[in-house]
Amino acid sequence: MASIGPTVLQLIPSATRVSARVHPLVIFNVCDCYVRRPDHAERVIGTLLGSILPDGTVDIRNCYAVPHNESLDQVALDIDYHHNMLSSHQKVNPKEAIVGWFSTGFEVTGSSALIHEFYSREASNPVHLTVDTEFKNGETTIKAFVAINLSLGDQHLAAQFQEVPLDLRMVEAEKVGFDVLKPTNVDKLPNDIEGMEALMGRLLALIDDVYKYVDDVVEDRVARDSKIGRFISDTIASLPKLSPHAFNKLVNDSLQDQLLLLYLSSITSTQLSVAEKLNTAAQIL
Amino acid sequence: MANTATRSFLQVAATEEATTPLRVVQIEGLVILKIIKHCKEFSPALVTGQLLGLDVGSVLEVTNCFPFPIREEDEEIEAEGANYQLEMMRCLREVNVDNNTVGWYQSTLFGSFQTVELIETFMNYQENIRRCVCIIYDPSRSNQGVLALKALKLSDSFMELYRSNNFTGEKLREKNLSWVDIFEEIPIKVSNSALVSAFMTELEADTPVTQCDYDRLQLSTSPFLERNVEFLIECMDDLSMEQQKFQFYYRNLSRQQAQQQAWLQKRRAENMARKNAGEEPLPEEDPSNPIFKPIPEPSRLDSFLITNQIANYCNQINGVAGQSFSRLYLMKALHEN
């Protein structure tokens, strides 16, 4: 008779280390849903949409809130609503699929496990995102979790929520609009020249910082870090070495091109106003 | 004796509420992000979506939006589009989003959005909603480092003219309407809820390093300018075609006038002869004669729209050229150091 060795607590590790990437649109949407939640609800729950990139990262691109009812011992989620919204969203963007769900609030509660189970039936290995809207720690906490099943032999014990690294990134166009997105009130959208002005101011501040740092290092006020020093020298060396003559020629040529275009466009606008007068002039018959 | 300070109920009910003119469009950061994301994902295809919000006094608040799926040119799919819209509105209402349509947004390519379809869509919306606005987003320009978002509205005088479908030169002179007056641009204000603002401040630290949007410092603007000038040239071709139409019309009109005069002379001579012979004079008009048929004047709407587009392109070129100047001078200054 074979001896039955001690049963071991098996934790099935995830094959690859999953990490998640969240677009700021999702955070905005979650905050908006939280602000608009019905009066009796303590937190908001919703679905996360996105895709899984080839290297295993979960890219969360969009989300929508799902009405739910929560009491002490049970949770009810409006599944029809969830499916309706999913089909509507997929009509616009068929590539977006369910990758998980979000909830506002700090911890992962017992009811979260039930909801997570529901979502694991919809998508494989869903990601659970918690967005702490109450700032319990005095700062923002956005965490992502994946559930790992703990099983004892054949018996399924519990699901452990393991935290997963999260990356919040902004695409270029959104970065341009970032000035506009941060404060609570912006009076008007900056136009071309104002944007350039702000940008040049920032560049100047950057260069000043680097200058100050180098000064500090030279005068031994700050400990030297050879990596930073090498980086700075690399940056400065990457300026193309052109003779002043060639450089001036380059700049002047581009200036002339731009001036030409400006001239052309002013001619065109003048032509337009003349054409306008001609077209609506009274007919002399 | 009637007190002049108090008005009778009838009087108050009779005076119409003057609608305050729309001064500002207030958009939430969420809507901007959604529009950017949607337009960028499908660029270069053009996409549209619906704007939801509230109409408060002289401010039009836009608080949410949802995209429209790309529609095929098929009859049965039209109904599906309407269904999709109703479904989305119903679902959004359940989560307490403002259920009120205030307009629509669309993406554009290099600013070529002034078309007859735009005007027609405006008129359709205007039937149902008192105030609606159209937001135009240009993803190609945003790659240059400018947030190219514009809020447009048709001017009232233009709308009346369009309804009567009368675009002759006289009518336009009467109303003193030129191509500048078709679209009115409304300034945009952005507002964010305090919660969102707190999150953003934490997530993106205030250090200048992460904040620099280096796209603006790109020196190579030539592909963008090239496309712009290409479109400008095409539009000029269209404009010259329209002008030729007018020339043709004028020529025909003057030719017809000359023919009419000649015919009238002949008639008069005949009448003189008949009077001398003692017969009844013939009428001096003959509506059945084709030379008296009035030639319809071509509509000026197309030329107005094209003119608008050209003006837009010119403005864009000006803006980009201005930016390039600053960049080039910056380069020069850096190099000298």
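How each quantity is defined
- Counting from 1, residues in each chain are numbered in the order their sequence is written.
- Here every chain gets a letter starting at A, and every ligand a number starting at 1, in the order they are written.
- Since the coordinates come from a predicted model, pLDDT governs what is reported: local features require at least 70, and pairs of side-chain atoms require 80 or more to be given and counted, while whole-chain, interface and lining totals use all residues.
- Derived side-chain values reflect all non-hydrogen atoms in the structure, with water molecules and hydrogen atoms excluded from consideration.
- Helix and strand assignments follow DSSP, with helices taken as H or I runs no shorter than four residues and strands as E runs no shorter than two, numbered in order from the N terminus.
- Summary of the burial criterion: residues with accessible area below 20% of their type's maximum are buried, those above 50% are exposed, and those between are partly exposed, where the area comes from a 1.4 Å probe applied to protein chains only.
- Contacts are residue-level and defined by heavy atoms, with any inter-residue pair within 4.5 Å sufficient.
- Throughout, the Shrake-Rupley method with a 1.4 Å probe supplies accessible areas, and for residues the shown protein chains are the sole cover considered.
- Only the six-membered ring of Trp is used, alongside the rings of Phe and Tyr, when aromatic pairs are assigned; centres must lie within 6.5 Å, and planes under 30 degrees apart are stacked while those over 60 apart are edge-to-face, with the rest tilted.
- Just to be clear on terms, a salt bridge is a Lys or Arg side-chain nitrogen sitting within 4 Å of an Asp or Glu carboxyl oxygen.
- For the domains described, the bounds stem from an automatic or database domain assignment.
- Throughout this description, a polar contact denotes any pair of N or O atoms lying within 3.5 Å of each other; where both atoms belong to protein, one of them has to be capable of donating a hydrogen while the other can accept it, and for residues adjacent in sequence the pair is counted only when both atoms sit in side chains.
- Classification used: nonpolar for Ala, Val, Leu, Ile, Met, Phe, Trp, Tyr, Cys and Pro, charged for Asp, Glu, Lys and Arg, polar for all others including Gly.
- To get an axis, fit a line to the C-alpha atoms, keeping to the stretch in contact for a helix; angles then go from 0 to 180 degrees between the N-to-C directions.
- Angular relationships are summarised with four words: roughly parallel below 35 degrees, roughly antiparallel beyond 145, roughly perpendicular across 65 to 115, and oblique for the angles in between.

Caption draft 1: Main features of the overall build of chain A. Along the backbone of chain A there are 8 helices and 12 strands. Out of the 285 residues in chain A, the part that is buried amounts to 40%. Taking the contacts inside chain A whose residues are at least 6 apart along the sequence as the reference set, 59% of them involve residues at least 24 apart. Here chain A has roughly 16,500 Å² of accessible surface; of this, 57% comes from carbon and sulfur atoms.

Caption draft 2: How the structure looks around the packing of aromatic side chains. Following the criterion strictly, the structure yields 8 aromatic pairs over all chains and no others. Between Phe66(B) and Tyr84(B), the ring centres sit 6.2 Å apart and the planes meet at 70 degrees, which makes this aromatic pair edge-to-face. With Phe66(B) in strand E3 (residues 59–67) and Tyr84(B) in helix H3 (residues 75–94), this residue pair connects regions lying 18 residues apart in the sequence. Take Tyr84(B): its relative accessible area is 2%, and that puts it in the buried class. Taken together, a centroid distance of 5.0 Å and an interplanar angle of 15 degrees make the contact between Trp104(B) and Tyr125(B) stacked. Within this pair, whereas Trp104(B) is found in strand E4 (residues 101–107), its partner Tyr125(B) is found in helix H4 (residues 116–128), the two being separated by 21 residues in sequence. In terms of burial, Trp104(B) and Tyr125(B) fall into one category: buried. Put simply, the rings of Trp101(A), Phe118(A) and Tyr119(A) touch in pairs and so form one group of aromatic residues.

Caption draft 3: Structural detail: the environment of Ala65(A). Here Ala65(A) lies in strand E4 (residues 58–66). On the accessibility criterion, Ala65(A) (6% relative accessible area) is buried. Residue contacts for Ala65(A): discarding those within four places in its chain leaves Cys33(A), Val44(A), Ile45(A), Gly46(A), Tyr81(A), Phe102(A) and Val95(B).

Caption draft 4: Main features of the pattern of salt bridges. Under the counting rule described, the total for this entry stands at 7 salt bridges over all chains. Arg36(A) serves as the salt-bridge partner of Asp32(A), at 3.4 Å between the closest nitrogen and oxygen. Owing to a relative accessible area of 10%, Asp32(A) belongs among the buried residues under this scheme. You can call Arg36(A) buried: its relative accessible area is 14%. Its salt-bridge partner being Lys245(B), residue Glu242(B) comes within 3.3 Å of it at the nearest N-O pair. Of the two residues, Glu242(B) and Lys245(B) both sit in helix H10 (residues 222–277), 3 residues apart, roughly one turn of that helix. In the salt-bridge network here, residues are joined through shared partners; they are Glu87(B), Arg90(B) and Glu94(B).

Caption draft 5: Structural view of the domain arrangement of chain A. The assigned domain composition of chain A is domain 1 (19–168) and domain 2 (190–239). Spacing between the C-alpha centres of domain 1 of chain A and domain 2 of chain A amounts to 41 Å.

Caption draft 6: Examining the domain arrangement of chain B more closely. All names here are of chain B. When the domains of chain B are assigned, the result is domain 1 (20–154 + 187–216) and domain 2 (234–336). Linking domain 1 with domain 2 are 0 salt bridges, by the criterion used here. Across the contact surface, domain 1 and domain 2 share 1 residue pair in polar contact (both at pLDDT 80 or more). When its residues are assigned to classes, the side of domain 1 that touches domain 2 shows 5 nonpolar, 5 polar and 4 charged.

Caption draft 7: Region of the structure containing the packing of H4(B) against helix H6 (residues 156–164) of chain B. Residue and element names in this part refer to chain B. Relative orientation of the contacting elements H4 and H6 amounts to 95 degrees, with a least axis distance of 12 Å. The orientation of H4 with respect to H6, classified from their angle, is roughly perpendicular. Here Val116, Ile119, Glu120, Met123 and Gln126 of H4 come into contact with H6, specifically with Phe158, Met159, Tyr162 and Arg163. For the contact of H4 with H6, the residue count by class is 6 nonpolar, 1 polar and 2 charged.

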